[in-house]
Amino acid sequence: MNEWRKEMTTYKYIVDKRWGFEDADCLESSWGEEDAEYVAREVAGNYYSESEGTWEWNESISIQIFKEDGTSLGVFEVGYDLEPQFWVSEEESDQRSSLC
């Protein structure tokens, strides 16, 4: 049985110019270099999970993405939003319903 597999590409990235290319982190992605914005989203997710709470929800970060040979794919400003989470529990009503 022959399975279809998308080729993975390895990218390097630096966040907020905190270090140089030689110290950049790596990320494998199924997105090609023509989809650099999607790669930036994946990098942001990876950085968020590794940041241990140092990335605040109301701030943006700058991510520069490189091909393995050092060619820059661009610098991307990335932020994230918190979606509100709601919980519900039903209570006994002590008021009668009225017409609207």
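Residues numbered from 1 in each chain as written. Predicted model: local features only at pLDDT ≥ 70, side-chain atom pairs only at ≥ 80, totals over all residues. Heavy atoms only, no water.

Give me the lowdown on the overall build of the protein, citing residues and values where you can.
In terms of regular secondary structure, the protein is built from one helix and four strands. When the helices and strands of the protein are listed from N to C terminus, the series reads β-β-α-β-β. Scored against the burial criterion, the 100 residues of the protein give a buried share of 26%. Nonlocal contacts in the protein, meaning residues at least 24 apart in sequence, comprise 36% of its contacts between residues at least 6 apart. Of the roughly 8,500 Å² that the protein leaves accessible, carbon and sulfur atoms contribute 45%. (Helix = DSSP H or I, 4+ residues; strand = E, 2+ residues; numbered from the N terminus. Buried < 20%, exposed > 50% of the residue type's maximum accessible area, 1.4 Å probe, protein only. Contact = heavy atoms within 4.5 Å. Areas by Shrake-Rupley, 256 points an atom, 1.4 Å probe, with all protein chains shown as cover.)

Can you lay out helix α1 (residues 36–50) for me, pointing to particular residues and giving the numbers?
Between the first and last C-alpha of α1 there are 21 Å, a value that for 15 residues agrees with the 21 Å anticipated at 1.5 Å per step. Along α1, the residues that are buried comprise Ala36, Val39, Ala40, Val43, Ala44 and Tyr47. Looking straight down α1, one finds that the buried residues subtend no more than 145° of arc, so they occupy a single side. With respect to the buried face of α1, the exposed residues turned more than 90 degrees away are Arg41 and Ser49. (Expected span 1.5 Å × (residues − 1). Arc of directions from axis to C-beta.)

So what's going on with the side chain of Gln64? Which residues, and what values?
Along the chain, the position of Gln64 falls in strand β3 (residues 61–67). Of note is the side chain of Gln64, whose polar atom sits 3.0 Å from the side chain of Ser72. If sequence neighbours within four positions are ignored, Gln64 has contacts with Lys12, Tyr13, Ile14, Ser72, Gly74 and Val75. (Polar contact = N/O pair within 3.5 Å; in protein donor to acceptor, adjacent residues only side chain to side chain.)

Now, about the nonpolar core: what can you tell me, with residues and values included?
Nonpolar side chains tend toward joint burial in soluble globular proteins. In terms of nonpolar packing, the biggest core is built from 16 residues, with Tyr13, Val43, Ile63 and Ile65 touching the most fellow members. Secondary structure elements with two or more residues in this core: β1 (9–15), α1, β3 and β4 (72–78). With six residues, α1 is the largest single contributor of residues to this core. With near-sequence residues (within four places) excluded, Ile65 lies in contact with Tyr11, Lys12, Tyr13, Ala36, Val39, Ala40, Val43, Thr71, Ser72, Leu73, Gly74 and Phe76. (Core = buried A, V, L, I, M, F, W, Y, C linked by side-chain atoms within 4.5 Å.)

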